[in-house]
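Listed here are the chains, written in short residue letters.
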Amino acid sequence: MTATATRPAPPRRPHARPRRISRQTREMWLLMLPALVPVLLFSVGPLLYGIGLAFTDARNTRNHETSFTGLENLFDLLSAEDFWSSFRIGMIWAVSVTVLQFLAALGLALLLNENLRFRGVARVLAVVPWAMPPVVIGLMWKLVYHPDAGILNGLLGTHVNWLADFSLALPAIIVVGVWTGMPQTTVVLLAGLQGIPRELYEAGEVDGASRWRRFWNITLPQLRPVIVAITSLDFVWNINQFGLVYVLTQGGPGGQTRLPMLFAYEEAFRYRFAGYASMLGLAMAIVVLAVLGLYLWRQLRETR
Amino acid sequence: MRRFPQYVALAAYVVFLAFPLLWLLSTALKTPQEMALADPTWIPREPTLANFADAFGEQDLVGAAVRSLGVALAASLITVVISLPAAYAMARYRGLVNKIAIGWVLVSQVFPFILIIIPLFMILRDLDLVNTLPGLVVVHVTFTLPFALWMLQGYVRAVPPELEEAAAVDGATRLRSIASVVAPLLAPGVVATLLFAFISSWNEFMFALVILQNPDVMTLPLTLVRFTGPEGVARLGPLAAASLMATIPSLIFFAIIQRRLKSGLMAGAVKG
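Reading the values: the criteria
- Residues numbered from 1 in each chain as written.
- Chains lettered and ligands numbered in written order.
- Predicted model: local features only at pLDDT ≥ 70, side-chain atom pairs only at ≥ 80, totals over all residues.
- Heavy atoms only, no water.
- Helix = DSSP H or I, 4+ residues; strand = E, 2+ residues; numbered from the N terminus.
- Buried < 20%, exposed > 50% of the residue type's maximum accessible area, 1.4 Å probe, protein only.
- Phe/Tyr/Trp six-rings, centres within 6.5 Å; stacked < 30°, edge-to-face > 60°.
- UniProt positions renumbered as here; feature names shortened; annotations may be inferred.
- Patch = residues over 30% accessible without salt bridge, like charges linked within 9 Å, V, L, I, M, F, W, Y side chains within 5 Å.
- Areas by Shrake-Rupley, 256 points an atom, 1.4 Å probe, with all protein chains shown as cover.
- Salt bridge = Lys/Arg side-chain N within 4 Å of Asp/Glu carboxyl O.
- Contact = heavy atoms within 4.5 Å.
- Buried area = accessible area lost by both parts, 1.4 Å probe.
- Polar contact = N/O pair within 3.5 Å; in protein donor to acceptor, adjacent residues only side chain to side chain.
- pLDDT = per-residue confidence, 0-100.

**Things to note about unusual backbone geometry**
Negative phi is the rule for most residues except glycine; trans is the rule for most peptide bonds. Residues and elements named next belong to chain A. Cis geometry marks the peptide bond from Gly252 to Pro253; its omega dihedral reads -10 degrees. Even without a glycine there, the phi angle at Gln250 is positive, about 55 degrees. Topologically, Gln250 is positioned in the loop between helix H11 (243-248) and helix H12 (260-269). Positive phi, close to 70 degrees, is recorded for Arg272, a residue that is not glycine. The residue Arg272 is located in the loop between H12 and helix H13 (274-303) in this model. The class of Arg272 is partly exposed, set by a relative accessible area of 24%.

**Describing the packing of aromatic side chains**
Residues and elements named next belong to chain B. This model, assessed by the stated rule, comprises 21 aromatic pairs over all chains. Centre to centre, the rings of Trp23 and Trp42 are 5.5 Å apart; their planes meet at 90 degrees, and the pair counts as edge-to-face. Of this pair, Trp23 sits in helix H1 (residues 4-28) while Trp42 is found in the loop between helix H2 (32-35) and helix H3 (50-58), placing the two residues 19 residues apart along the sequence. Look at Trp23 and you get buried, because its relative accessible area is 1%. Given a relative accessible area of 33%, Trp42 falls into the partly exposed group.

**Some points on the UniProt feature "transmembrane region" (unreviewed entry) in chain B**
Residue and element names in this part refer to chain B. Under the UniProt annotation, the feature "transmembrane region" (unreviewed entry) is placed at residues 7-25, 69-89, 101-124, 136-156, 177-199 and 236-257. Taken end to end, residues 177-199 has its terminal C-alpha atoms 31 Å apart, with 100% of it in helix and 0% in strand. Secondary structure over residues 236-257 splits into 100% helix and 0% strand, and the C-alpha atoms at its two ends are 32 Å apart.

**Considerations on a nonpolar patch on the surface**
A cluster of nonpolar side chains, contributed by Leu155 and Leu156 of chain A together with Leu22, Trp42 and Ile43 of chain B, occupies part of the molecular surface with about 530 Å² of accessible area. Position of Leu155 of chain A relative to the elements: it lies in helix H7 (residues 151-156).

**Regarding the interface of chain B and chain A**
For interface size, the figure often reported is the accessible area lost on association. Each partner contributes residues to the interface: chain B has 76 residues there, and chain A has 94 residues. Counting the surface lost from both chain B and chain A, the interface buries some 8000 Å², and carbon and sulfur atoms represent 79% of this. Where Arg3 of chain B meets Glu114 of chain A, a salt bridge forms, and the shortest distance between an N and an O atom there is 3.2 Å. On inspection of chain B and its partner chain A, the count reaches 14 residue pairs in polar contact (both at pLDDT 80 or more). The element that contributes the greatest number of residues to the side of chain B that touches chain A is H1 of chain B, accounting for 15 residues.

**A look at the confidence of the model for chain B**
Residue and element names in this part refer to chain B. In this model, chain B carries an average pLDDT of 85, and 92% of its residues clear a pLDDT of 70 or more. At the level of individual helices and strands, chain B shows its lowest average pLDDT in helix H12 (residues 236-271), which scores 71, and its highest in helix H10 (residues 206-211), which scores 94. pLDDT under 50 marks residues 264-272. Its contacts with residues more than four places away, or in other chains, come to 11 contacts. Here the complex is predicted with pTM 0.88, and the ipTM for its interfaces comes to 0.87.

Next comes the structure, spelled out in structure tokens:
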């Protein structure tokens, strides 16, 4: 058992190894350089600068004297009712879109995995939202929800102004969020489904397990890593959503759909409070990391 | 019909996925008179292409499309050219840099872009690049870079290193072996990454909204939003027509990679 472990290491040439590594390292850095420079200048740099801004009273105007204010922005944020309402809306939005999108995509992926007729048509259709510019998706749904010329009111025989209604606007944009995000989730889940060994199902059938039991005891556990990965990514994307909702409602009516990123955008580029908006971004990043960490940790523990 | 419920479910999905699209198409083909009817009609009674022509009259669509094309071409080419060597390094050399690179790709997905865009806007303003297309190209390159890196390093990983080692044994220099052995095998991956970066830039809205405030330099997504007018009053026909036209490049892109997507899924099916 220990024979292989105790076998003496092959003799090393004393000088060859370090020299080769350093040459390789040099080569590697050289190859990384063209990407590294713009990344540091326009991505990592601004990110660090942005984090720094969060602790200042910076204004988004030319020649403004900026001074360090510590956690003042954070206290302002935490005592602002606007922030809490936006935070609440963002969480409702991100959680419901992620969950509904996952459930819808799982259903669709299960169907597309079956040997059904017209599967090809459904497959092509299922990726179409992916192929559309988000702005077009927003405008398209604006047409669907249009109070006078929209098809939704036409079908229901109502005259509701969906996107301007205080209680309906958020559910209305959640539907659009689900429609938009479904294809990617479906494709990922479908790939996961097709990776499950068929023998497991055959064994299940031999044991007389019902369809439902096979789904519950084979499909779901086998799919688990894929589910964890895609739902956490979807949550991150959804909480950081901006363009789609900006086009649909601009955060209205009365802030009922003002997601955190729309709030931050307004603070930074309409009211010019760069420091305050950066703190908002930083706070959201921390919340997202915390939620995600908790979720991933729980999933990991349950798997073990 | 044991499968009846499944077909019902599939039909429900098809309706949910297709009905906004059909409505967009229907709206684009309608006359203003028909649009004003109290009961919306699914199929236009007198289909017209006038909205497509009107769309060009209402906004500078051609200019916007040309600008979007220029920005997307420049951004995607620059992205791929600079990320290709880095992706090669990420795939071939293990170690700290590789871990940091992967970590950064992940972080770039999690951090809200507002945190980057505020300082970036300030930097671009100091460089006098706000309201310019090169400014937007810079931003788009940084925004497509993480995913491009990720895609490309995956493609490099799929090329067996033994091929390069064999070339090295035959006396080829590293550069030579990359050029004549790795590059040809990498070509489809590079094309896919290029297309991905192009479409990301073509569709991108938020950065463009921040960087470009002057209508004369606006890209296509910004110009489309201008169709809704300042108070949300819009001529719906031209809006729908312009939206459809703006989708064409993305549709072409998906038509191209559809086969790749399908074959990927099929490979999964064969394995399963």
